[in-house]
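# Chains, contacts and geometry: an overview
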Amino acid sequence: MNEFNWTFVAIAVLGLFGLFSFLATVVLSLTWYERKMLARIQMRVGPSRVGPHGLLQPVADVFKLMAKEDVRPDVSSKSLFWIAPVLVLVPAFLVWITIPFADGLVVQPQDLGLLYVVAISTLGIVGLLLAGYTSASKYSVLGGIRAAAQLVSYEIPIIVVVLAIAILVQSLDLRDVITGNEVVIGERVITFNGQGAIPFAAIMPLGAVIFLIAGLAELGRTPFDIHHAESEVVGGPFLEYSGAHWAVFFLAEYFNTFVIAALTVLLFFGGWSWPSPPESIFGTALEEWQTDALGVAWFLFKTYLVIGLFFWFRGTYPRLRIDQLMAFGWQILIPLSFVNLILMAIVMFYEWPLWAMPAISVPLLAATAYLAARRNDRKVNTGSVTLYRRQKRADGGNELVPPAAATYEEAGARGAGN
Amino acid sequence: MPELPAQPTPPTRIDNDHGGTDMWINMGPQHPATHGVFRMELALDSELIVDAISHIGYLHRGSERLFENEIYSQIITLFDRLDYVSNFNNELVLVMAVEKLMSLEVPDRAEYIRVILCELNRIASHLVFIGTFALDMGALTPSLYTFRDREKILALFEATSGARMMHNYFRVGGVKQDVVDDFPQRVNSLLGELERGIDEVDQLLSHGEVFVERTRGIAVIDGETALDWGLTGACLRASGVAYDVRVDEPYSVYDRLDFAVPIGTAGDTWDRYYLRVLEARQSIIIVRQAIQQMEPGPIQTKVRAIARPPKGEVYAHAENPRGDFAVYLVSEGGESPYRLKVRPPSFCNLMPLRDLLIGHYVADAVVILGSLDIVLGEVDR
Amino acid sequence: MTTEEQGPESGPDSEAKRPAPITAPKGRRAPDAPTVEAALTPSGEALAALLPDVLAPFELEIGADIDEVVCRVAPEHVAEVCAALKSDTRTFMKYLRLITVVDYEENDQEFEVVYHLYSLEHQHKMVLKARVPAADPALPTVTTVWRGADWYEREMHDLFGVVFSGHPNLVTLILPDGFEGYPGRKSYPLHDYDEW
């Protein structure tokens, strides 16, 4: 055993501290971003009073939450109740240790980074289940169980898509996904050039779509926000929490949002690699820190775009029901993700050109969408509501009679027939 | 004096057929999706509802008893507070009942003003319904859109009656005061905005994949059963029963207006929702015609300041946004009614809730309740 | 609320300032007032002519209020009469609009239970009335005829103490559990409180 490496510990502690501060700032910006974006969608102004454009509103929120009384239900289990938020937050934070912001800019690079990310992020379920169970509220229990069912189900397509990526890159290191990798298997040399030239979303569109949807479900965001649905289970596992402990849940939720968005960007949209090298864009040679800074900025920009997409969904969609959610996960996403995996394996094994992947999976995606839409068409049948007209009865009264189809337009009922 | 029967306590445990025990969950009166202070107890087998008990009365103010001790013009203010989402429609029923009892002729202009305001109120009420219904399902945005449009209607109400919601504007024999001079222009420009607003929400919500999945085939009730329960309004028409008080027993000037009534066939939640969207569009058509037909003239017949109807009984009703709102008025010839019974449509629409809920999921419970569009102010009175 | 419970403000001083509670409602009855005249529509006339035939086995008293046919029956026959009215194809009273109680306890020692019925097919409307003694107001339930009668009967049981025998679940509906008295009745003190 080597002697204890104090330098390593110091760097790790500093790195973790820096990472946490950075993430906390990101969360603050995300809450502002979400509220402003929702406000734009809903034709409101959003936060506008605290600081310029309401930029300090998240800070004010933090102060408010810290100042609030931390209430615990009398009959709840005290230690478990207080520890549940931490159990949710810690995995959400630990995931970030191995996620690179730029080439080399990572707290602890790991060869099995992808595996680590998938494994750690699953742990948060325990905290949610515990929070639901120990809150001594039936709504919390419902929410906790919903969370467990949902998160476990949607973990599977994520893992399978990540496996497909691992097959393509022949590595589980997140840095290799971006910068490229070269593996020798037997006689074959597999060279993968990294995502600078062509993002994985173009190679594996099916995987990208599955990952995005399953990731959205993993976050519990609209339309998959069934485990803390306000109108049904009134906040689910978070129902009984207030003040700082609720804030911890909140923090964890936004950590996770950021993780999923960052992973989407890393795995499918080229991470920090610019479309072409920054040197050629700016025309001069750049120092290493400049390249890194540009990389981080580009990475964050793309991540915020993806998060913006999540917020957009939130402003648009109603919520699914639990059976529909599970059916969608198990009947559509999981089979599709396995198709994606097998396709990837075939393409790699038989050394087909890479464009075979999109060539097969895009029609597959289109066919799925078409089938879903057709199934829905049968179900919708918007003609079920028709406009009846008034007519005189023989005995002098009035009655309503169904009209001939031609009179729809006369009635001025736009949208009635289509 | 008859004895009250012993209060049965709701069962706390039900052993279901696969060896488990159902969970009783209390929803309301503070639950965010019970539209006021409605409370239901649901027995759940995991997420499925196996039994339900409704509790009302948290907003009971003894209105009907109060009516007996107020003069008629004071009762109008109390009627505003029954169905507090469609105030004009409530007032109309009361003044219609008194006018019927006193055989009063109401001037045409007053009738047209009443119809215009009532139909606008119907649109406002349906907009609230659409917004809250979407909110029950987790869609945040439509509620903001519909409340924006409703606010424009309420601004017009404020210009007309002086109040956004508790108007106290209709009088026995007419209306309180004439409308503002540019009323027709205001209404016409408002109608254009409402049309656009309704179209916007319709496009955003009605045919969306998730929305249809959540509402199609949920809480189906057929016409016979609906009528048996006494459902009225959109809930009855969604089940295919063509009954609308404005057509069957035309009151006010509805027989001079040309409009259609949407009737559903499926009797499910989607039909109940979409019917109201179409109804709001029909109301726009009605208001357009009424504005054209309205002519200058008196707005009030001569009535004693304190109305004193003759002895007799009268039943007056009208098609409120929520259904057949009726008033049964027994007068003994005094300044206040001897008995004034209100038939609140929400009260009846809420009755079959247990039958509708059983077999559905918890998440559907709020959607089903939302589709009935209840207002607790009139359920409890 | 009694004076003792009123808190610090009530006392001998405030006693004098407080207005006397209103005991008698304003002009509720006016014995000399005119009575409205009935004017039935043709369809109402037709229904009035039809009723003795449809309800042949029962004792009826058919009259009219403004524009509605009023039919008085004995309270014990209410359920049967309603069932006949609903099932007979000539009347088809499928829609129960309203059930209510009118309190005539002061003068007649009686309650009047009023049923408003409507037929969608024939567009006939009618009122069915039954008088029950105020001391023991009981009559059969009509929930077996229209399920929609359920909450109406529970409400009347709450407010007036009318007992509907055979009702499947005649428990408190809109009053708090354990509330004593029948606040719908005229005899229930309404103004037994102080204006604040």
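Residues numbered from 1 in each chain as written. Chains lettered and ligands numbered in written order. Predicted model: local features only at pLDDT ≥ 70, side-chain atom pairs only at ≥ 80, totals over all residues. Heavy atoms only, no water.

Right, let's get into the overall build of chain A. Each helix and strand counted, chain A has 15 helices and four strands in total. Counting only C-alpha atoms, chain A reaches 105 × 60 × 40 Å along its principal axes. Counting all 418 residues of chain A, 50% fall into the buried class. Contacts in chain A between residues at least 24 apart in sequence constitute 72% of all its contacts with a sequence separation of at least 6. By element, 68% of the accessible surface of chain A is carried by carbon and sulfur atoms, the whole surface being about 19,700 Å². For chain A, the distance from the average position of its 27 positive side-chain charges to the average position of its 30 negative side-chain charges is 16 Å. (Helix = DSSP H or I, 4+ residues; strand = E, 2+ residues; numbered from the N terminus. Buried < 20%, exposed > 50% of the residue type's maximum accessible area, 1.4 Å probe, protein only. Contact = heavy atoms within 4.5 Å. Areas by Shrake-Rupley, 256 points an atom, 1.4 Å probe, with all protein chains shown as cover. Lys, Arg positive; Asp, Glu negative; His and termini not counted. Charge placed at Lys NZ, Arg CZ, Asp CG, Glu CD.)

Within the structure shown, the criterion is met by 62 salt bridges over all chains. A salt bridge links Glu155(C) to Lys341(B), with the shortest nitrogen-to-oxygen separation between them at 3.2 Å. Taken together, the residues span two chains, with Glu155(C) in helix H5 (residues 149-160) and Lys341(B) in strand S9 (residues 339-343). The buried category is assigned to Glu155(C), whose relative accessible area is 3%. Overall, the relative accessible area of 2% leaves Lys341(B) in the buried class. Look at the salt bridges and you will find they share partners, linking Glu64(B), Arg65(B), Glu68(B), Arg339(B), Lys341(B), Arg381(B), Glu155(C) and Lys186(C) into a network. (Salt bridge = Lys/Arg side-chain N within 4 Å of Asp/Glu carboxyl O.)

The subject of this paragraph is the domain arrangement of chain A. All names here are of chain A. For chain A, the assigned domains are domain 1 (1-67) and domain 2 (76-277 + 288-354). Each of domain 1 and domain 2 was reduced to a C-alpha centroid, and the two centroids are 19 Å apart. If you look at the interface, domain 1 gives 20 residues, while domain 2 gives 24 residues. Roughly 2,200 Å² of surface becomes buried between domain 1 and domain 2 when both sides are summed, with 83% attributable to carbon and sulfur atoms. The tally of links between domain 1 and domain 2 comes to two salt bridges. Between Glu 34 and Arg 314 there is a salt bridge, with its nearest N and O atoms 2.5 Å apart. There are five residue pairs in polar contact (both at pLDDT 80 or more) connecting domain 1 and domain 2. Here the side of domain 1 that touches domain 2 takes 18 residues from helix H1 (residues 6-41), the largest share from any one element. Of the residues belonging to the side of domain 1 that touches domain 2, the class tally is 16 nonpolar, three polar and one charged. (Domains from an automatic or database assignment. Buried area = accessible area lost by both parts, 1.4 Å probe. Polar contact = N/O pair within 3.5 Å; in protein donor to acceptor, adjacent residues only side chain to side chain. Nonpolar A, V, L, I, M, F, W, Y, C, P; charged D, E, K, R; others polar.)

What follows covers the sheet that holds strand S1 (residues 23-27) of chain B. Taken in spatial order, the three strands line up as S1-S2-S3 (chain B) in an open sheet, and their pairing is antiparallel. The open sheet has two edge strands, S1 and strand S3 (48-55) of chain B, and neither has a second partner. Adjacent strand axes in the sheet meet at a mean angle of 20 degrees, parallel and antiparallel pairs treated alike. Contacting S1 and strand S2 (39-45) of chain B, helix H6 (residues 138-169) of chain A runs over the sheet at an angle of about 110 degrees to S1(B). (Pairing = 2+ DSSP bridges. Axes fitted to C-alpha atoms, helices over the stretch in contact; angles between N-to-C directions.)

Now for the interface of chain A and chain C. Contact residues are listed per partner, giving four residues for chain A and four residues for chain C. Between chain A and chain C, roughly 240 Å² of surface is buried when both sides are summed, and carbon and sulfur atoms account for 18% of that area. Sorting the residues of chain A by area buried against chain C places Arg393(A), Asp395(A) and Asn398(A) first, and these three jointly supply 90% of that buried surface. The tally of links between chain A and chain C comes to zero salt bridges. On the surface where chain A and chain C come into contact, there are zero residue pairs in polar contact (both at pLDDT 80 or more).

This brings us to the state of the cysteines. This structure, assessed with the given rule, holds zero disulfides over all chains. A disulfide-free cysteine, Cys235(B) has its sulfur positioned 11 Å from the sulfur of Cys348(B), the nearest such atom. Using a relative accessible area of 0% as the deciding quantity, one classes Cys235(B) as buried. Residue Cys71(C) stays outside any disulfide, its sulfur separated by 9.7 Å from that of Cys82(C), the closest cysteine. Judged by relative accessible area, Cys71(C) falls into the buried class, the value being 0%. (Disulfide = S-S within 2.5 Å.)

Attention now moves to the packing of helix H5 (residues 141-161) of chain B against helix H6 (residues 183-206) of chain B. All names here are of chain B. Close contact between H5 and H6 brings their axes to 10 Å; oriented N to C, the two are set at 170 degrees. Here H5 is positioned roughly antiparallel relative to H6, judged by the angle of their axes. Two packed elements cross with a definite hand, and for H5 against H6 that hand is left-handed. Every residue of H6 that contacts H5 at Thr 141, Pro 142, Tyr 145, Thr 146, Arg 148, Asp 149, Lys 152, Ile 153, Leu 156, Ala 159 and Thr 160 is listed here: Phe 183, Arg 186, Val 187, Leu 190, Glu 193, Leu 194, Gly 197, Ile 198, Glu 200, Val 201, Leu 204 and Leu 205. Residues that form the contact of H5 with H6 fall into these classes: 13 nonpolar, four polar and six charged. (Parallel < 35°, antiparallel > 145°, perpendicular 65-115°, else oblique. Left-handed = near helix turned anticlockwise from the far one by under 90°.)

Residues and elements named next belong to chain B. Between its first and last C-alpha atoms helix H3 (residues 87-102) spans 23 Å; for 16 residues at 1.5 Å apiece the expected length is 22 Å, and the two agree. Counting buried positions over the 16 residues of H3 gives 14, a clear majority of the element. Note on H3: the residue one or two positions beyond its end, Ser 103, has a positive phi of about 50 degrees. (Expected span 1.5 Å × (residues − 1).)

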